[in-house]
Amino acid sequence: MTEEVIVRGDPSSSDSETGGGGGQVVVSAAQPQSAPIEGDFICDGQDPQGNDTGACRFQPTPTRPTAPAPDPATTTPPPLIVTAHDIATLIVDGSGITLQPPGNTILLHMPLIAHTNPATRTLTTTIANTTIDIEATPTTYTWNWGDNTTTTTTDPGHPYPNHTITHQYTTTNNNTTITLTTTWTARYKPTNTTNWKPITGYITTTQTTPPLTIHRLTPYLTNDTQHHH
């Protein structure tokens, strides 16, 4: 801000350089400038040409209150979302393949019994520093018997003698594999809570047996006799 002070000369003095006394001298005094204050002048009235008249007063713009910083203790964390892909990375093994009779040999024209484990898997993971409980349950099973035939069912099968899933081969083969594709649904919740949420989508696991040999049993008549004495 610059203030101007008008100093009147002494009438009795004279200055040969200015040509006479009694002149006005303007002295300027500069002060450090602060940041401008926003606002407007409010006057008592206006003339017909729109010019302000009367006394005018400077009206500063009201200071806007500063929004308080959010309290970390009351800030709501973003919702936790667990995807089917997250679950798929946790299910290392499928539901398992069990064949009866056991072993790597299958007898031609004799039913092969197959079953799997339908138990729900309990898993745990950590997302955004929160421990998550997961339950994955198998729902459907597709058996690929390796001879261009498949069976899709919701039945996991059962062991002999209560077996419900069987397959009978009609041709011999020395390199047959059986593949089981299991489809799972899942749900999740943060540990120590009770509100389960379903996983959107589904998970599949695939397992394949080692190569199996399909044999034909052929009966032979021999000339061996048993003598009784």
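Residues numbered from 1 in each chain as written. Predicted model: local features only at pLDDT ≥ 70, side-chain atom pairs only at ≥ 80, totals over all residues. Heavy atoms only, no water.

Topic: the pairing of strand 10 (residues 150-153)
- Bridging between strand 9 (residues 130-144) and strand 10 involves four bridges; their strand directions are antiparallel. Each residue of the ladder has a partner; that of Y141, found in strand 10, is T153. (Pairing = 2+ DSSP bridges. Helix = DSSP H or I, 4+ residues; strand = E, 2+ residues; numbered from the N terminus.)

Observations concerning the sheet that holds strand 5 (residues 98-100)
- Spatial ordering of the open sheet is given by 5-7-11, a layout of three strands whose pairing is antiparallel. Both edges of this open sheet fall to strand 5 and strand 11 (166-167), since each of them pairs with a single strand only.
- With two bridges joining them, strand 7 (residues 112-115) and strand 11 adopt antiparallel strand pairing. Bridging across to strand 11, L112 finds its partner in H167.

Focus on the packing of aromatic side chains
- Taken as a whole, this structure holds one aromatic pair when the rule is applied.
- Arranged with centres 5.5 Å apart and planes meeting at 5 degrees, the rings of W143 and W145 form a pair that is stacked. Each member of the pair, W143 as well as W145, carries the same accessibility label: buried.
- The ring of W196 carries R187 above its face, with NZ or CZ at 4.2 Å from the centroid.
- Above the face of the W196 ring, K189 is positioned so that its terminal group lies 5.1 Å from the ring centre. (Phe/Tyr/Trp six-rings, centres within 6.5 Å; stacked < 30°, edge-to-face > 60°. Buried < 20%, exposed > 50% of the residue type's maximum accessible area, 1.4 Å probe, protein only. Lys NZ or Arg CZ within 6 Å of the ring centre and 35° of its normal.)

Let's talk about the sheet that holds strand 6 (residues 105-107)
- If you walk across this open sheet you meet the three strands as 6-16-12, and the pairing is mixed. With partners counted over all chains shown, the strands left at the sheet margins are strand 6 and strand 12 (173-176), one partner each. The sheet shows a mean angle of 30 degrees between the axes of neighbouring strands, direction not considered.
- Here strand 6 pairs with strand 16 (residues 212-215) via three bridges, running parallel. Counted as the bridge partner of I106 is I214 from strand 16. (Axes fitted to C-alpha atoms, helices over the stretch in contact; angles between N-to-C directions.)

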